[in-house]
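# Fold and contact review
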4 protein chains.
Amino acid sequence: MRITQQHIREHNKEAEDKHTASFLPLVDQLDGKGVEVDPLVDQIASFQVAIPSWALGAGGTRFGRFPIGGEPGNLEEKITDVGLLHALNRSSGAISLHIPWDIPEDTAAIRALAEELDLVFDAVNSNTFQDQENQEHSYKFGSLSHTDTAVRKQAVEHNIEVIRYGATLGSKALTVWLADGSNFPGQQNFRKALRRTRESLEEIYAELPDDWQILIEYKPYEPNFYSMVIPDWGTSFLLAGKLGAKARTLVDLGHHLPNTNIEQIVATLSMEEKLGGFHFNDSKYGDDDLTTGAIQPYQLFLIFNELIEGTDDYADLENNIAWMIDASHNVKDPLEDLLQSVEAIKKAYAKALLVDRRGLEEAREANDPALAQSILQDAFQSDVRPLLREARIRSKAAADPLRLYRELGVRDQLIEERGSDTIATGL
Amino acid sequence: MRITQQHIREHNKEAEDKHTASFLPLVDQLDGKGVEVDPLVDQIASFQVAIPSWALGAGGTRFGRFPIGGEPGNLEEKITDVGLLHALNRSSGAISLHIPWDIPEDTAAIRALAEELDLVFDAVNSNTFQDQENQEHSYKFGSLSHTDTAVRKQAVEHNIEVIRYGATLGSKALTVWLADGSNFPGQQNFRKALRRTRESLEEIYAELPDDWQILIEYKPYEPNFYSMVIPDWGTSFLLAGKLGAKARTLVDLGHHLPNTNIEQIVATLSMEEKLGGFHFNDSKYGDDDLTTGAIQPYQLFLIFNELIEGTDDYADLENNIAWMIDASHNVKDPLEDLLQSVEAIKKAYAKALLVDRRGLEEAREANDPALAQSILQDAFQSDVRPLLREARIRSKAAADPLRLYRELGVRDQLIEERGSDTIATGL
Amino acid sequence: MRITQQHIREHNKEAEDKHTASFLPLVDQLDGKGVEVDPLVDQIASFQVAIPSWALGAGGTRFGRFPIGGEPGNLEEKITDVGLLHALNRSSGAISLHIPWDIPEDTAAIRALAEELDLVFDAVNSNTFQDQENQEHSYKFGSLSHTDTAVRKQAVEHNIEVIRYGATLGSKALTVWLADGSNFPGQQNFRKALRRTRESLEEIYAELPDDWQILIEYKPYEPNFYSMVIPDWGTSFLLAGKLGAKARTLVDLGHHLPNTNIEQIVATLSMEEKLGGFHFNDSKYGDDDLTTGAIQPYQLFLIFNELIEGTDDYADLENNIAWMIDASHNVKDPLEDLLQSVEAIKKAYAKALLVDRRGLEEAREANDPALAQSILQDAFQSDVRPLLREARIRSKAAADPLRLYRELGVRDQLIEERGSDTIATGL
Amino acid sequence: MRITQQHIREHNKEAEDKHTASFLPLVDQLDGKGVEVDPLVDQIASFQVAIPSWALGAGGTRFGRFPIGGEPGNLEEKITDVGLLHALNRSSGAISLHIPWDIPEDTAAIRALAEELDLVFDAVNSNTFQDQENQEHSYKFGSLSHTDTAVRKQAVEHNIEVIRYGATLGSKALTVWLADGSNFPGQQNFRKALRRTRESLEEIYAELPDDWQILIEYKPYEPNFYSMVIPDWGTSFLLAGKLGAKARTLVDLGHHLPNTNIEQIVATLSMEEKLGGFHFNDSKYGDDDLTTGAIQPYQLFLIFNELIEGTDDYADLENNIAWMIDASHNVKDPLEDLLQSVEAIKKAYAKALLVDRRGLEEAREANDPALAQSILQDAFQSDVRPLLREARIRSKAAADPLRLYRELGVRDQLIEERGSDTIATGL
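Conventions we followed
Residues numbered from 1 in each chain as written. Chains lettered and ligands numbered in written order. Predicted model: local features only at pLDDT ≥ 70, side-chain atom pairs only at ≥ 80, totals over all residues. Heavy atoms only, no water. Least-squares fit on C-alpha atoms with pLDDT ≥ 70 in both. Contact = heavy atoms within 4.5 Å. Helix = DSSP H or I, 4+ residues; strand = E, 2+ residues; numbered from the N terminus. Buried < 20%, exposed > 50% of the residue type's maximum accessible area, 1.4 Å probe, protein only. Pairing = 2+ DSSP bridges. UniProt positions renumbered as here; feature names shortened; annotations may be inferred. Axes fitted to C-alpha atoms, helices over the stretch in contact; angles between N-to-C directions. Left-handed = near helix turned anticlockwise from the far one by under 90°. Nonpolar A, V, L, I, M, F, W, Y, C, P; charged D, E, K, R; others polar.

### Quick notes on the relation of the copies chain A and chain D
Least-squares fitting of chain A to chain D yields an RMSD of 0.0 Å, with the superposition described by an axial translation of 0.0 Å and a rotation of 180°. Between the two chains, the operation in question is that of a two-fold axis. In terms of C-alpha distance to the rotation axis, chain A has A:Gly234 as its closest residue, with the C-alpha 2.0 Å off the axis. Interface overlap between copies is the fraction of interface residues in one copy that are interface residues in the other; for chain A against chain D it reaches 100%, indicating a shared surface.

### What to know about the side chain of A:Gln154
Along the chain, A:Gln154 turns up in helix α5 (residues 149-169). If near-sequence neighbours (up to four positions away) are discounted, A:Gln154 is found in contact with A:Gln135, A:Glu136, A:His137 and A:Tyr139.

### Side note on the pairing of strand β11 (residues 322-325) of chain C
All names here are of chain C. Side-chain alternation along β11 places Ala322 and Met324 on one buried face and Trp323 and Ile325 on a second face that is also buried. Across 4 bridges, the pairing between strand β10 (residues 275-280) and β11 is parallel. Of the residues in β11, the one forming a bridge with Phe280 is Ile325.

### Focus: the UniProt feature "domain: Xylose isomerase-like TIM barrel" (unreviewed entry) in chain A
The UniProt entry lists residues 104-289 of chain A under the feature "domain: Xylose isomerase-like TIM barrel" (unreviewed entry), expressed in the numbering used here. Taken end to end, residues 104-289 of chain A is 37% helix and 16% strand, and its first and last C-alpha atoms sit 27 Å apart.

### Describing the sheet that holds strand β11 (residues 322-325) of chain B
All names here are of chain B. In spatial order, the strands read β4-β5-β7-β9-β10-β11; together these 6 strands make up an open sheet with parallel pairing. The open sheet has two edge strands, β4 (124-125) and β11, and neither has a second partner. Of the pairings in the sheet, the one linking strand β9 (residues 247-252) to strand β10 (residues 275-280) comprises 4 bridges and is parallel in character. From the neighbouring strand, Leu250 faces β10, where its bridge partner is Gly277. Along the sheet, helix α8 (residues 262-271) makes contact with β9 and β10, crossing β10 at roughly 155°.

### Some remarks on the packing of helix α7 (residues 233-243) of chain B against helix α7 (residues 233-243) of chain C
Two elements in contact, α7(B) and α7(C), have axes whose closest approach is 8 Å; the angle formed by their N-to-C orientations is 35°. Here the hand of the crossing between α7(B) and α7(C) comes out right-handed. Counted together, B:Trp233, B:Gly234, B:Thr235, B:Phe237 and B:Leu238 of α7(B) and C:Trp233, C:Gly234, C:Thr235, C:Phe237 and C:Leu238 of α7(C) form the full contact between these two elements. Among the residues making up the contact of α7(B) with α7(C), the classes are represented as 6 nonpolar, 4 polar and no charged.

### Quick word on unusual backbone geometry
Note that the residue after B:Ile99, namely B:Pro100, is joined by a cis bond; omega there is 15°. Its place among the elements puts B:Pro100 in the loop between β2 (94-96) and α4 (107-116). At D:Glu273, a residue that is not glycine, the phi angle is positive and equals roughly 55°. Along the polypeptide, D:Glu273 turns up in the loop between α8 (262-271) and β10 (275-280). Under the relative-accessibility criterion, D:Glu273 is labelled exposed at 57%. Although it is not a glycine, D:Asn367 adopts a positive phi angle of roughly 50°. Judged by relative accessible area, which is 18%, D:Asn367 ranks as buried.

In structure tokens:
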């Protein structure tokens, strides 16, 4: 299944009149505010969000999983799926692999396929939260923090191996999500576990190529339910500081206690030059891994507002931060969910670009919270969908990616090609 | 200080061109979707939100209070302030009084003043969470639930007195917020406290005029920090069921535990014909009492989405539910805050009116969550500000109430009239 | 693997001196307070907690599962495991089955095995949150609340079938945990889903034998992450009220939003005669399903304090409420975890029995929170372990069940008998 | 009002028999486990908790305050009150002052009074969260983080003045609780506010005597409800790191988001030598400021378990960490509340001392969570009240401080001396 430029052109042609009717008045309004529309559309068009290889199949909960059909059964098919997304929105031009689920056996072929689909390889992810068949030591009681040197060694070596795989594909970052922790008070010596983790990370860091980063994720709970070795940004920051300049913190939006002000964490990390990347998703209760923007679109906007505050231009943003979706698709078609997530992220970005930053700074200096709120809300209330559509059309993406996906019957074709019983590797 | 039609006309004249430039394209777009704009604008214009008398001065926290200046020092001045708001937005045509802070001494004069400003009297509120000077029994350990019959009797009589005051002004509902509860495990016998509360409410209910409602608020904590006698909607619902058809539940948006799905509570209460009213505000942590829509505008929209789902038309909504803001203005000018809150509420209402309800119901029947989400987001992403502005202009309110408020220097004039040291009664 | 009275006798003989040295001084102290020790020990000995069949194997999270070895592979082995627990503590004399995981094929043999091990069959549980092989309709989008009549019918019939299985074994209650809900705003029509659920429950209720109860569980989230059809006690209470006297609410300790005052819910339900049963476990974040008493032992005590407040004696408690553990054993040996859970529950019960209820009631009437707290803490700070040990010794259970379990090498023997690769049915 | 040794002796004589009957069997049991009782009792006796001057009067919420009568009206009376507590429990031998509420006018007399009552002066606290009469600049929009240099300067100078007051009394630490933050998205530039705060703290740090520490408190919300400038331990840690070795973090138990694992934060800070002090209290929802140990006694024990893990002996603990209660007494007599809080803290400490640390470490190394839990619970379930009583009796404190307080009618005498209308300064 491939989506061709022919498909796109036909679809866009049909959408043209309606698009113009909404885009032109918006151009006028923005002009009236002194906003230059062309560079704005360009920035929106440039923004790319990486797709994680594990989000292409149906997810599940500990209570069960409902397969979707047509799921990619190997790395080639995963790359193909990301290619479909990118063809539709020209905003998903990167894929993030998970080792050992996605070990590239024929590296050259994999690279060629990605290149053909105009995809690059984003951060690679290690896995020490599950036991793989034939694995010598179990991670039941931890990996990088384990009490047993042999287990730690195995986990360190796995991470180094992941770097090697990533290097062959052109990745520039290793993301470490450490599931280590404890389920019961007393189970773990907090201090020793943190010290062992630091030492293990130092061994991995020593093997990191010069132009790579190591991104350290944090999470307050799950799969451990009393403590996690890296529960919060403070601990990740502490570790990144001890490791060195190539170590940074990765923020997964779902990895916070109730009511956390995430945008403030983003600002602090950014100011300290320790913000390394994002896992986008949305949630109402815990790490719910729902479609980005589905629950708290205003929070997403406020996060982008901080990101833009901290950078000069898009190139700066792009160079410094790894953007990735990390979601679980329990009831939606994963590809549809990803299209909706990318769209929501870009909406938040576009709205943040519309913020009158000079006015905002003046309101802040004047301690005028009513005005500061109005300025932010003004940007947020704007309907940026015509801008995103224009950016897509200029990039030869579909005016309405989700609609075209459905009109082309992509899922049905995937089921036809791959069957309805495939389960994406790793799920 | 009065705002005249002359002020409004001049302001609106200046805003006209810009408004037309944004309103007309929106009319076209809505037409294209088959939405009739005129009745939509009418419904938006009709929607009124009551202003509570206690929200007109600077609020405060237990750590301190920073006065704003020009605060209303008596009931007449409070009504005047609401009149200012209503002149600006024609959407705040009701005031909700708090007894004993707002006892009308000359009822006829008060009614005349309200009428002159085109205001009606919404639900009246009793206060049994503070001791007033010369009060015989203290509410330190509760009121309607108190262990001592004499205290309960005093609290019941106070509520009946509040009904009487309300009746003289034309109110049709009594709101009971019960601060009763306990700070420590063991302090209170949960069962007995609930039973005594029910009995006290029954005595009040017996005195309720036929065309009145009693609205029972719930709150999980504060000012008691271990338990509250009516902590959740379930308990309020249980009590309202025992009292009878004139008893209903009042939902204050800030009175929920972290992550509560408030819109679902609204749907359930509405379905059971027990939804009686709202206290609007916004919050990130607890009962933060921030400007409505300042933190979670999407949640506010989802609540309105449920409200509309449950009713046939605006008249139905208006007749059944008491709408009121309940906020605390710690750092903003209270009048500015209220203008922003009313605006946010009406935006949420307008967006909810835009939801393609037939399409939504079809998506639900088809178990198509991606489509259902798209339909809701479609309405939410729409820029409804031109609709609200049009509704205001048609109602002879200001195109931009907050801007006119500032241009007229209302706060400065109030300070000049009333001084900078007044403290609003009750604060 | 069986634990014999011979094993117990030898173990207890060895423990005798140390036990006496701690028990006798406690008897003196309790005597001094006017507490009769013998009936206290008898009540503690009588208290039985049911073991759910699904808690006998290693649990897991959506990120993985680490098998323990020797897990029971069929219903007979599950009953055998509960028999081991009951032989050790004489407090686990009931088992709660889950259909379809535990369909009894030879009912007579199953009943005989249970009788031999002195076990009865507690509430039976239906399962409409997973799809079973060869199942006609999928529960991906709900069961009792599903939009499609055929799916609802299938789910209703499954519940009726579960009642039938239970009846053959002597169960007297059906527990319904409904995983139905939605992951995204808009996905579900809250009102219709609740109405359909009520109608489905009414069909099940109609088939309930006269001496049965239907226990309706509630849960705020997971496996659905935006809304659950029965999210809170209020909704369960509302449904139970509509169904009739045989319908009651079941409280799972882990199914609450952060900071919920669970003991107050218990008091309210109990007062309304709608408290039907408990699922015990403990948690720090969400439905963590940890060992009961491992995180918040004081809360567990407060819950028992309410239970005792609401009943006259143990017979009353026992007759009215179904007690069951519901936990997931991710890192501990499940049988050890269950021994610890039962022990923690009985400690909380014993401490609650020690509360000076008359003194507490007087402190409450006198509004003396410092004294009320002291009275509760006095009971909680007491070391009741000698009482529990005495109760076990009198019941011919082991003085220290966990120690004997380890000394006898039970897990190793189970692994030898069953292998290390078995996975308990349903996991 | 003074409590004399004569009072204590008579009270203790009466308590003697009952005490011995519970203490001696405990000695035997501890002996049996190889625990030496005498040094244990000595450590418990040595442990002192500072009393904050502001906790001696009735607290209140934003909804009201119910005075208790006999509240201390000046610094001398506050010191007298702490002297009463210390005479009763010999565990409250320190007082923590709050400037400007407690400015010592006659330093020599104040020191003499404290010495007479055997009290020392613990950390001093600055106040930049309220405006004082005649204060030049308002803290409405912040203090150390304020946009205006003049306000920051005033706040810095105030802190330096507090150091000077503290130095004259023998204090060795300044506690900075910064209420600065924002109520609305957009109101504050997070980065600039944090940078300004750091610079202000550097100016204060420069004036810190060599043997002093500056303790930086953190709090996620209240009195600001969108963001606080120092919301979490990570931000406090970041600032303390930039300031230098004399800067440390202060942990207030109530200043955390729901479900935070506080004991892990304690362990991490302690390991990094940045744990400077504690504010003890308890809470169920937010910063409820309830009696320590009233809600979550097990959590308190787990915190002490970490503290002891990190130190060699009591001298080490005492030298490094400032212990203080910080509570608000809304319904209890403040002095009774403080007696209960100190008692609860010392119980937690005593239980933590009983933990079999070698056994615990072995269970951890063996990844045996069931055993580790049992070891902790073993200590927690122990009844340590006889140990605390013995420690008090040996220190010439009352066997039962709260009972003696009531028997002596202390509150009534205070009301007689001071009247029932006094309000403690600062409240």
